[in-house]
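# Report on the structure
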Amino acid sequence: MNMTADKYEVVIGLEVHAQLATASKLFCGDSIAFGAAPNTHVSPVTLGHPGTLPKTNKKAVEYAIKMGIACNCEIERYNYFARKNYFYPDLPKGYQVSQHTTPICKGGYITIKTENGGTRNVQLNRIHMEEDAGKSIHTMDDEYTYVDYNRAGTPLIEIVTEPDLHSAEEAYQYVTEVRRLVQWIGVCDGNMEEGSLRCDANVSIRLKGETELGTKVEVKNLNSIRNVKHAIQYEVERMIQMAEAGERIIQQTRSFDADTDTTFSIRDKEEANDYRYFAEPDLAPFILSDTFIESVQKSLPALPQALQHKYQNALGLSEYDAAQLCMDKATTEYFDGTLAFTKNYKAVANWINGPVKSYLNEHKILLEQFGLSAQQLAGIIELVEGGKVNFSVASTKILPVLAAESNSNAADIASRLNLLQVSDTNELEAWVEQALENMPDKVKEYQKGKKGLIGLFVGEVKKLSKGKADPKVVTTLLEQKLNK
Amino acid sequence: MEVNKTMVENLAHLSRLHFTDEEKNALEQDLQSIISFVEKLGEVDTTGVQPLQHMSTEVNVLRDDIVQGSITREEAMLNAPATDKTFFKVPKVIKK
């Protein structure tokens, strides 16, 4: 299969629909909150009643520009919407209002990680605004389809790549990056389970060296990043098998079955649909001034890749640590916040990527819900770096207590729980002697040359001291005693 | 532009309208005369004239992102031909 697969080049273009995180719809004031009772977020505009007039949501325009700037696009100054005409019950007006033909953002790119550890810019064709459709439910009745129009009119941006992706893995990386980016700049919550982010993949194959694109198949409504990858994997394999068997690949729209990881045809699209686009006469055009675009640009936070670069180069963090911190914006804000109280960059990164993350996972909470302030975390780090408490005691004993007590500081907890490390030699010697007495056989083995046993003795002292003994001093004392 | 039967049928399909053959013939002729009438405009030289997309000169009519103006489900369903009082019901559009 691999030998065969090597003959072909895979060409993929992705369309990602992101619901904008506004409060109201694109052209009227209905709420877009997820999970409301069916048909309660509707108005005459949403329902397409005659005589109603839409009015564009300024915030949605701002968010579309934000995404465009974050993706290095050219921002169109003169904008208008068009009607895309087609009949479907989830589209009350009989047309979708879209910028399909005149996108607000043109060109641009999104940088993804490549399999060899480098990066590559995936070229975008455009980002345009449009309204979402309602939701059809086909399973409630044998005769009827049930429709909920709460979602109809929700503002979307459609982020369209050039056919510039060449494997399922690249597509996976791309959607991961899009998701991080929209969440980072706050234009979409990125929640794929709730449909805030959806992906359609256009997949084709061609023999290597061929310049014309092969017949494409569109796989619709991929609602998780995993599904994007699996659907493309399946589709590529299916196409290669067809090509090898001498079969003609026909242009189709397909859907993905996540239970079997396969795709199936939902309609053949031999001739293009006739959408009869024309300018939406009910909406005035909008013209973007340089001042407005600049104000949007200023509202953008530092982007993840720029921050990762800064963490590596200005703060000397490893690529891994920096990348871990930059997984989401909340983590970088927590990191930056902690740096206001301690300059131990490396230690702060270790603490956030290590004990803090474990704590969050264990308690199934988000960083935003975490009780430990940046200042408290810095306090723990200072204690450990100052040799007053050892790392494991700090992470297992002090961190959980502090996380529940917003008014305490690490030093107080350490003394209250009697966790401060003992470096006083007299006290330590008693534990060291006790430890050696507890294990006479091991002592003999050590003296016969099994020097690795030192760790065991240190562990025993740690146990006797309940973690308070400073392991460095203990090691020295043990060696003195054993080598006498 | 010449209007023919296929074009009438295609337009009827796109608009989800059904016509008898007789009606189609009448429509073909009506459409032909309307289009020929409008085509007269094509004789004007419009080189360098931007298309007039909007009748009003207003631009930038935008609204703030505020939730308001929704109606109740009962009101929303007043004119609906079929509902179960929660959802709008339409003839099944997908065959299982």
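Anyway, here's the lowdown on the structure attached to this text. Predicted model only: the values in this text are computed from it and were never measured. (Residues numbered from 1 in each chain as written. Chains lettered and ligands numbered in written order. Predicted model: local features only at pLDDT ≥ 70, side-chain atom pairs only at ≥ 80, totals over all residues. Heavy atoms only, no water.)

### Considering the overall build of chain A
- Scanning chain A for helices and strands turns up 16 helices and 18 strands.
- Whereas a compact globule of 484 residues would reach a radius of gyration of roughly 23 Å, chain A reaches 30 Å, over 25% beyond that.
- Taking the principal axes of the C-alpha coordinates as reference, chain A spans close to 95 × 55 × 50 Å.
- The 484 residues of chain A split such that 50% are buried.
- Put simply, of all contacts in chain A between residues at least 6 apart along the chain, 68% involve residues at least 24 apart.
- The centroid of the 53 positive side-chain charges in chain A is displaced by 6 Å from the centroid of its 65 negative side-chain charges. (Helix = DSSP H or I, 4+ residues; strand = E, 2+ residues; numbered from the N terminus. Rg over C-alpha atoms; globule rule 2.2 N^0.38 Å. Buried < 20%, exposed > 50% of the residue type's maximum accessible area, 1.4 Å probe, protein only. Contact = heavy atoms within 4.5 Å. Lys, Arg positive; Asp, Glu negative; His and termini not counted. Charge placed at Lys NZ, Arg CZ, Asp CG, Glu CD.)

### Some points on helix α5 (residues 290–298) of chain A
Residue and element names in this part refer to chain A.
- Buried within α5 are the following residues: F292, I293 and V296. For α5, the buried positions fall inside an angular range of 95° around the axis, keeping them on one side. Looking at α5, the residues exposed on the side facing more than 90 degrees away from the buried face are T291 and K298. (Arc of directions from axis to C-beta.)

### What to know about the sheet that holds strand β2 (residues 88–91) of chain B
- Taken in spatial order, the three strands line up as β10(A)-β11(A)-β2(B) in an open sheet, and their pairing is antiparallel. Each edge of the open sheet is held by one strand with a lone partner, namely β10 (135–137) of chain A together with β2 of chain B. Sheet twist, expressed as the mean angle between neighbouring strand axes with direction ignored, is 35°.
- Relative to strand β11 (residues 144–148) of chain A, β10 of chain A runs antiparallel, the two being bridged by three bridges. Among the inter-strand pairings, I137 of chain A is bridged to a residue of β11 of chain A, identified as Y146 of chain A. (Pairing = 2+ DSSP bridges. Axes fitted to C-alpha atoms, helices over the stretch in contact; angles between N-to-C directions.)

### Re the packing of helix α3 (residues 168–185) of chain A against helix α6 (residues 304–313) of chain A
Residue and element names in this part refer to chain A.
- It is the contact of α3 with α6, at a shortest axis distance of 10 Å, that shows an interaxial angle of 90°. The orientation of α3 with respect to α6, classified from their angle, is roughly perpendicular. Listed contacts from α6 to E177, R180, L181 and W184 of α3 are P304, Q305 and L307.
- In terms of residue class, the contact of α3 with α6 is made up of four nonpolar, one polar and two charged. (Parallel < 35°, antiparallel > 145°, perpendicular 65-115°, else oblique. Nonpolar A, V, L, I, M, F, W, Y, C, P; charged D, E, K, R; others polar.)

### Considering the interface of chain A and chain B
- Tallying the contact residues gives 51 residues for chain A and 35 residues for chain B.
- For the interface between chain A and chain B, the tally reads zero salt bridges.
- Counting every contact that joins chain A to chain B gives 24 residue pairs in polar contact (both at pLDDT 80 or more).
- Counting residues per element, the ones that place at least two in the side of chain A that touches chain B are β2 (56–57), α2 (58–70), β11 and β18 (286–287) of chain A.
- Sort the elements by how many residues they give to the side of chain A that touches chain B and β11 of chain A lands first, with five residues.
- Considering only residue class, the side of chain A that touches chain B consists of 26 nonpolar, 13 polar and twelve charged.
- Bridge analysis of β2 of chain A against strand β1 (residues 62–63) of chain B gives two bridges, and the strand direction is parallel. The residue bridging T56 of chain A from the neighbouring strand is L62 of chain B, located in β1 of chain B. (Salt bridge = Lys/Arg side-chain N within 4 Å of Asp/Glu carboxyl O. Polar contact = N/O pair within 3.5 Å; in protein donor to acceptor, adjacent residues only side chain to side chain.)

### Some words on the pairing of strand β16 (residues 262–268) of chain A
All names here are of chain A.
- Where strand β15 (residues 252–257) and β16 come together, six bridges link them in antiparallel fashion. Each residue of the ladder has a partner; that of S255, found in β16, is F264.
- Between the end of β15 and the start of β16, which pair antiparallel, lie four residues, with D261 showing a positive phi angle near 60°.

Interpretation in functional terms is not warranted from these geometric data alone.
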